[in-house]
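# Structural features, examined
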Amino acid sequence: MIGGPDNVAKALPSYAAFIADYGNAFRSFQHGALHGFFTGLFFVLPITAINSLFEQKSWKYIVVTSGYCMVSLTIMGAIICGWK
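Residues numbered from 1 in each chain as written. Predicted model: local features only at pLDDT ≥ 70, side-chain atom pairs only at ≥ 80, totals over all residues. Heavy atoms only, no water.

What follows deals with the confidence of the model for the chain. Residues at a pLDDT of 70 or more form 94% of the chain, whose mean pLDDT is 88. Mean pLDDT across the elements of the chain ranges from a minimum in helix α1 (residues 13-22), with 78, to a maximum in helix α2 (residues 29-54), with 96. (pLDDT = per-residue confidence, 0-100. Helix = DSSP H or I, 4+ residues; strand = E, 2+ residues; numbered from the N terminus.)

As C-alpha cells, this is what we get:
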C-alpha cells in the first residue's frame, strides 16, 4: 500500500486509520487457510482440469493433482497469514 516500512511516515492519514481499525483483525491461520484453499479451488483446479481434459487424462488424475496443489496452497496460506 505504501512502499514498505521505510515509507510509513509518508503514508496518508487513511492508512493509519485503516491499520488502527483492522491491523491484525484478519491475520490468523484459519483466514490464511481459507484464502489458500479458495486460490486452489478457483485458480488451480480450472487450469489443471482444462489441461488434463485436453490431454485426455482421467478425472481421478485431475482430482489428485488439483487436490495436492489445493492442500499445499492451504498450508502455505495458513503459515503466511498466521506468521506475526
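Okay, back to it.
Looking now at the packing of aromatic side chains. A complete count under the given rule lists two aromatic pairs for this structure. Ring geometry for F38 and F42: centres 5.8 Å apart, planes at 20°, overall stacked. In this pair, F38 and F42 both sit in helix α2, four residues apart, roughly one turn of the helix. On the accessibility criterion, F42 (55% relative accessible area) is exposed. Through pairs of rings, three or more aromatic residues link up here, namely F37, F38 and F42. Of note, K57 hangs over the ring of Y61, and the distance from its end group to the ring centre comes to 5.2 Å. (Phe/Tyr/Trp six-rings, centres within 6.5 Å; stacked < 30°, edge-to-face > 60°. Buried < 20%, exposed > 50% of the residue type's maximum accessible area, 1.4 Å probe, protein only. Lys NZ or Arg CZ within 6 Å of the ring centre and 35° of its normal.)

Tracing the sequence through the fold places A16 in helix α1. By relative accessible area, A16 is classed as partly exposed at 48%. Expressed as a C-alpha distance, the spacing of A16 and W83, which sit 67 residues apart in the sequence, is 21 Å.

The next thing to look at is a nonpolar patch on the surface. A grouping of F29, V71, I75, I79 and W83 is seen on the molecular surface, where their side chains present a nonpolar patch of about 560 Å² in accessible area. Of all the elements, helix α3 (residues 59-82) adds the most residues to the nonpolar patch, at three residues. In this structure, V71 sits in helix α3. (Patch = residues over 30% accessible without salt bridge, like charges linked within 9 Å, V, L, I, M, F, W, Y side chains within 5 Å. Areas by Shrake-Rupley, 256 points an atom, 1.4 Å probe, with all protein chains shown as cover. Salt bridge = Lys/Arg side-chain N within 4 Å of Asp/Glu carboxyl O.)

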